[in-house]
Amino acid sequence: MVAARERAWGKLIPLLQRAQAERGYLSREALREIARELRIPESTVYGVATFYAQFRLTPSGRQRVLVCRGTACHVRGGARVLATVKKKLGLEEGQTSADLSYTLETVACIGACALAPCLILNGRVYGRLTPQKAAELFDTRRPS
Amino acid sequence: MNMNSVATLERVETITLTIDGVTVKTRAGRTVLEACREAGIYLPTLCYDPDLEPYGGCRLCIVEVEGMRGLPTACTLPAQDGMIVRTESPQLHAVRRDTLELILADHAGDCLSCRKNGHCRLQEVSSYLGIDCRPGLLREPKRPVDRSNPFFDFDPNKCILCGICVRACAELQGAHAIDFAWRGIETRVVPSGGGLWIDSNCEYCGECVSRCPTGALVPKNSQKASRYVKSVCPYCGVGCTIYLGVRGDRIVSVEGDRESPVNNGRLCVKGRFGIPEAVHSPNRLKKPLLKKDGRFVEVSWDEALDLIAQKFKEIKQRYGGEALGVIASARITNEANYLAQKLARAVLGTNKVDCCARICHAPSVHGLMRSFGSGAMTNSISEIEDAHTILLIGSNTTEAHPTIGSRIRRAVRRGAKLIVADPREIELAKIAHIHLPLRPGTDIALANAMAHHIVVSGLHNEKFIKERTEGFDEFWAVVQKYTPEYAEKITGVPAEKIKAAAELYARGQPGMIVYCLGVTEHRTGVVSVQSIANLALITGFVGQPSSGVNPLRGQNNVQGACDMGALPEFLPGYQRWDNPEHVKKFEDAWGVPLPKTPGHYPLIFCSRMWDDILKGNLRGLYIIGEDVALTEANIGKVRKALQSLEFLVVQELFMTPTAELAHVVLPAAGFAEIDGTFTDTERRVQRVRKAVPPPGECKPDWQIVCEISNRMGYPMNYRSAEEVFEELRRLIPIYGGITYKRIDEHNGLQWPCPTEDHPGTRFLHKDKFTRGLGKLVGIEQEPPEEVPDQEYPFLLTTGRVLQHYNCASMTGQVSGLVQLVPENFVEISQKDAERLGIAEGELVRVVSRRGAVRARVKIREIAEGVVFMPFHHKDEPTNLITNDALDPICGTAEVKACAVRIERV
Ligand code: SF4
Ligand code: SF4
Ligand code: SF4
Ligand code: FES
Ligand code: FES
């Protein structure tokens with residue numbers, strides 16, 4: 001069983017990577033297509049795709065928010081920042097808003113502990129945040 | 001099964017090992033866990049299941065083995081001669097406890113309110129290891145329970161990740177509907193697609209549910225039974241052996257019989273979840289009904305039966321027995337079928353007696369009779385798993401014969417090669433090595449071309465052809481022009497594929513052919529069957545285990561109905577109505593002269609009865625358990641005929657469209673309410689038993705027949721169904737050695753079983769064909785009567801779906817099944833849909849020369865120019881549009897091919 005799972009993985013992973021590169025994520029249709037192509041069950045493909053952190057099964061939003069959950073951020077109020085962002089965007093971690101405007105994720109430490117608490121929005125680090133400052137970030141950056 | 005294992009036990013090596021100081025003997029190849037179990041030594045296990053491949057996931061079955069390092073898991077460790085094993089030690093105990101604590105820490109649920117309480121393996125193991133199994137109370141459930149499907153619930157919080165469900169689904173059912181997903185502590189069982197169960201490709205066979213050791217997978221509305229009654233599933237011809245769980249006078253559960261050679265415990269959704277609601281439906285008929293002024297009123301049995309006897313007598317006196325007909329049923333017992341045809345022949349005096357084998361496998365009865373001498377499956381169901389090559393033609397097995405479908409998938413899993421000839425990309429086509437998407441009704445061209453290629457490539461079995469067959473020259477004279485290239489033009493299948501399939505089949509010793517109604521339901525049904533039998537004859541793939549030609553019979557007792565002579569052309573046991581010797585035997589036994597004429601025009605098959613009625617020849621009809629107004633071809637005509645009958649009696653469980661048209665409706669007892677026998681597709685005679693009382697005033701079919709007969713002056717007095725069986729087995733040589741007692745002892749018996757010391761027959765034609773030599777015949781391809789043209793550009797083919805059974809009078813009572821497939825649909829290819837500008841889910845009208853029905857569009861992998869519809873839905877009945885062109889030999893209608901057009905509504 002485990003062996004079978006691993007055998008399937010070998011052929012699968014390159015295909016999953018290619019599909020993700022094309023669309024940015026793996027849709028159910030994409031997984032189905034791959035299952036068909038390799039003649040393996042769809043459930044196996046799903047199992048493998050979810051086993052690796054590199055694969056996304058939902059489309060990501062146009063704006064990607066990464067809130068830090070590292071220790072430094074935590075002791076300086078990172079949790080409240082996260083709670084605020086969640087509320088502001090109406091999203092839980094790992095979710096994408098229905099209109100695909102935002103994807104909310106968390107990371108262990110983004111390596112900017114001096115600026116704690118912090119988050120990354122579209123690749124840019126915002127530090128020394130308070131819940132209010134964090135909330136404002138999203139007021140001014142409404143997706144057009 | 002049992003006999004096999006006894007036989008192998010003698011051959012295989014016995015080994016001896018010491019377990020906890022006790023000397024234990026077992027067979028080589030067993031695991032240490034199995035050796036323990038055989039010796040009655042308990043080992044805690046969570047992920048072990050005797051029917052699944054060894055897994056070694058839970059690590060509770062660890063043992064110490066002298067000379068071996070570490071703590072191997074007994075369930076994966078092969079037992080070896082001289083091994084010294086300890087199953088208990090302080091170290092083992094401590095490791096097991098730690099392992100279990102970890103599992104329990106992640107298990108949220110309250111045992112007291114859990115439906116598995118009392119038979120949960122987690123509880124059992126906890127108690128063995130001395131751990132209080134209530135840590136669930138410490139944890140909040142973190143995932144929602146998935147209640148999306150109609151039959152069972154999945155509570156991931158109670159799941160211990162033993163993988164039994166995942167493996168059962170893959171290894172036994174072959175559906176691969178679920179798998180582990182995510183990783184680390186997030187690992188969980190996920191239905192395919194990653195969302196809810198209802199959106200996965202689950203087939204609801206319930207195999208996972210019946211094996212889950214915890215309360216993670218539990219059936220909805222499950223009540224514990226107070227007793228179990230062994231029976232046979234009433235739906236399809238596989239004849240899965242079941243146990244009905246009964247509580248008071250209700251069936252509360254159904255389990256497959258794991259000892260049964262038919263299904264080894266497997267069931268499909270209909271058998272597992274579709275029985276209690278159908279049996280106990282509030283819509284069951286409960287009293288005899290008489291139509292007065294166009295409305296049914298309840299009457300007493302006496303009034304109904306007296307009237308029937310009087311009317312039948314009148315019609316017989318005025319027009320002769322031939323003005324009367326009986327349609328017996330592939331749904332009722334052998335006993336009832338035997339008496340129904342006896343009533344027709346001995347009492348009513350007519351040979352116009354038939355059953356619904358006419359619309360399905362009459363071509364197999366005749367075709368295989370002509371080629372081999374016996375019109376039934378040559379092999380046993382269990383032999384499928386050992387075939388090297390399976391050639392599947394015109395059978396959507398996973399839908400129509402589901403547990404056989406899962407055996408085919410299992411055979412493929414075990415290395416068998418699969419060739420699927422079907423216009424649609426059915427489930428099995430997806431795992432086939434070769435899929436031949438032929439046009440409907442071109443099976444003969446395909447079989448001929450495969451035969452052609454086999455012979456020209458020298459892959460035929462000359463010795464077999466010479467010694468065991470006749471007619472090769474005549475056969476070759478026709479087949480030689482069917483080159484694969486020629487067949488490509490007819491079938492639409494590339495010649496290269498035909499060649500590859502021919503080679504794969506001919507090289508696959510043993511090769512097995514399995515076919516179904518895609519072959520038979522054409523006006524060329526009989527000869528199509530023969531063209532397929534030719535393939536087995538030229539390769540010699542018949543008369544061995546896992547090698548032969550196997551029609552999958554449709555209904556639970558269609559094989560039995562045919563065996564019992566509910567066919568105009570055969571007396572019971574395939575003895576001929578036109579053979580004076582056979583007729584005399586029955587005249588002597590029954591004490592009356594039998595009708596010597598077939599009735600009007602050659603033989604009045606039920607498919608010809610409609611014209612016979614409309615011509616005024618047939619005036620009174622007695623239909624038992626068949627919904628002809630829905631399941632026959634071109635039902636517009638059938639309905640018109642039924643309406644013009646002088647007298648129509650319908651004996652039924654429910655008020656079907658046919659019953660609506662009757663003058664008298666008689667309420668019959670169902671399979672769970674009576675004693676009797678069914679004969680399944682592998683010729684196995686099994687018993688059904690009275691498990692619950694019939695509702696209202698329902699009576700067993702055979703008793704009703706007796707009452708009519710008695711009132712007509714021909715006494716039929718039997719004290720029990722068994723007494724009827726005793727009479728019929730004396731008259732039917734192939735049933736001669738079968739008794740109720742022997743059926744119980746042998747888990748059913750497969751005919752031919754001529755004498756009481758005969759073990760029954762697993763496969764036919766071992767050294768000699770029933771007819772002596774196998775007959776090769778040259779058969780020309782002929783097109784269906786209707787071919788697509790400008791006005792009707794599509795070829796419609798019809799079939800069944802997994803969730804419903806034929807007229808759906810029973811499955812239509814089961815809410816979960818109705819929920820899964822609520823309405824009629826039509827499958828069409830992407831390209832055709834685009835051309836017509838219709839979208840998935842759109843309602844369209846499908847129109848033929850005979851009528852029109854509405855259906856929802858499903859875009860599927862299907863050959864261009866071909867569309868498919870099921871025929872279960874009485875509101876939009878597909879058979880309004882099918883063609884009643886008949887096979888000239890056996891009268892089967894061409895419901896698998898007619899020309900239609902598709903209109904937007
Ligand atoms: S659902 Fe049941 S069978 Fe499946 S892994 Fe969980 S506990 Fe095991
Ligand atoms: S019900 Fe059958 S098909 Fe569905 S997941 Fe369980 S084993 Fe698989
Ligand atoms: S319908 Fe057929 S396959 Fe399904 S359980 Fe009944 S006999 Fe078995
Ligand atoms: S802990 Fe947040 S940046 Fe390091
Ligand atoms: S039973 Fe052996 S590891 Fe689970």
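Residues numbered from 1 in each chain as written. Chains lettered and ligands numbered in written order. Predicted model: local features only at pLDDT ≥ 70, side-chain atom pairs only at ≥ 80, totals over all residues. Heavy atoms only, no water.

Attention now goes to the environment of E488 of chain B. Residue and element names in this part refer to chain B. Considering the arrangement of structural elements, one finds E488 in helix α18 (residues 484-491). On the basis of relative accessible area, E488 is assigned to the partly exposed category, the value being 35%. Counting along the chain gives 50 residues from E488 to L438, while the straight-line C-alpha distance between them is 9.0 Å. Among all residues touching E488, those that are not within four sequence positions of it are V493, P494, A495 and I498. (Helix = DSSP H or I, 4+ residues; strand = E, 2+ residues; numbered from the N terminus. Buried < 20%, exposed > 50% of the residue type's maximum accessible area, 1.4 Å probe, protein only. Contact = heavy atoms within 4.5 Å.)

Taken residue by residue, chain A gives an average pLDDT of 83. The fraction at 70 or more is 90%. Put simply, helix α1 (residues 2-23) of chain A is where chain A has its lowest mean pLDDT, 74, and helix α5 (residues 78-89) of chain A is where it has its highest, 90. (pLDDT = per-residue confidence, 0-100.)

Looking now at the nonpolar core. Residues and elements named next belong to chain B. In terms of nonpolar packing, the biggest core is built from 151 residues, with L244, F312, Y622 and Y735 touching the most fellow members. Counting residues per element, this core draws most heavily on helix α10 (residues 334-348), which supplies nine residues. Beyond its immediate stretch of four places on either side in the chain, L244 contacts R227, Y228, V229, S231, I251, S253, V254, I275, F671, A672 and A691. Membership of the second largest hydrophobic core comes to 44 residues, among which are I419, I434, A501 and Y505. (Core = buried A, V, L, I, M, F, W, Y, C linked by side-chain atoms within 4.5 Å.)

Take helix α26 (residues 635-643) of chain B next. Residues that lie three or four places apart on an α-helix share one face, since the helix turns once every 3.6 residues. Residues and elements named next belong to chain B. Burial in α26 covers these residues: I635, V638, A641 and L642. Along the axis of α26, the buried residues cluster in a sector spanning 115 degrees; they form a single face. In α26, the exposed residues that point more than 90 degrees away from the buried face are K640 and Q643. (Arc of directions from axis to C-beta.)

Turning our eyes to something else, we now look at the site of ligand 2. C169, C202, C205, G206 and C208 of chain B are the nearest of the 13 residues found near ligand 2. Grouping the amino acids of the shell around ligand 2 by side-chain chemistry returns 10 nonpolar, one polar and two charged. (Near = heavy atom within 4 Å. Nonpolar A, V, L, I, M, F, W, Y, C, P; charged D, E, K, R; others polar.)

Residues and elements named next belong to chain B. Here the structure, examined in full by the defined rule, presents 26 aromatic pairs over all chains. Plain terms: the ring middles of Y505 and F541 are 5.4 Å apart, the flat faces sit at 85 degrees to each other, and that makes the pair edge-to-face. Of this pair, Y505 sits in helix α19 (residues 495-507) while F541 sits in the loop between α21 (525-539) and β21 (548-551), and the two are 36 residues apart along the sequence. In this pair, the class of Y505 matches that of F541, namely buried. Centre to centre, the rings of F570 and Y574 are 5.4 Å apart; their planes meet at 75 degrees, and the pair counts as edge-to-face. (Phe/Tyr/Trp six-rings, centres within 6.5 Å; stacked < 30°, edge-to-face > 60°.)

This part covers the pairing of strand β11 (residues 250-256) of chain B. Moving residue by residue along a regular strand, the side chains alternate between the two faces of the sheet. The pairing of strand β10 (residues 241-247) of chain B with β11 of chain B spans six bridges and is classified as antiparallel. If you follow V246 of chain B over to β11 of chain B, its bridge partner there is I251 of chain B. (Pairing = 2+ DSSP bridges.)

Each partner contributes residues to the interface: chain B has 23 residues there, and chain A has 15 residues. Summing the contributions of chain B and of chain A, the shared interface buries around 1,600 Å²; its carbon and sulfur component is 52%. Counting the surface chain B buries against chain A, the share from its top three residues, D179, W182 and R183 of chain B, is 34%. The salt bridge partner of E861 of chain B is R36 of chain A, with a shortest N-O separation of 4.0 Å. At the junction of chain B and chain A, the tally comes to six residue pairs in polar contact (both at pLDDT 80 or more). Of all the elements in the fold, those that place two or more residues in the side of chain B that touches chain A are α5 (164-173), β6 (178-181) and α14 (427-431) of chain B. Across the side of chain B that touches chain A, the residue classes break down as 10 nonpolar, six polar and seven charged. (Buried area = accessible area lost by both parts, 1.4 Å probe. Salt bridge = Lys/Arg side-chain N within 4 Å of Asp/Glu carboxyl O. Polar contact = N/O pair within 3.5 Å; in protein donor to acceptor, adjacent residues only side chain to side chain.)

Okay, the confidence of the model for chain B next. All names here are of chain B. Residues with a pLDDT of 70 or more make up 96% of chain B, whose mean pLDDT is 88. Counting interchain partners and residues more than four positions distant, the pLDDT-below-50 stretch residues 1-10 has three contacts. Here the prediction assigns the complex a pTM of 0.85, and the interface score ipTM is 0.74.

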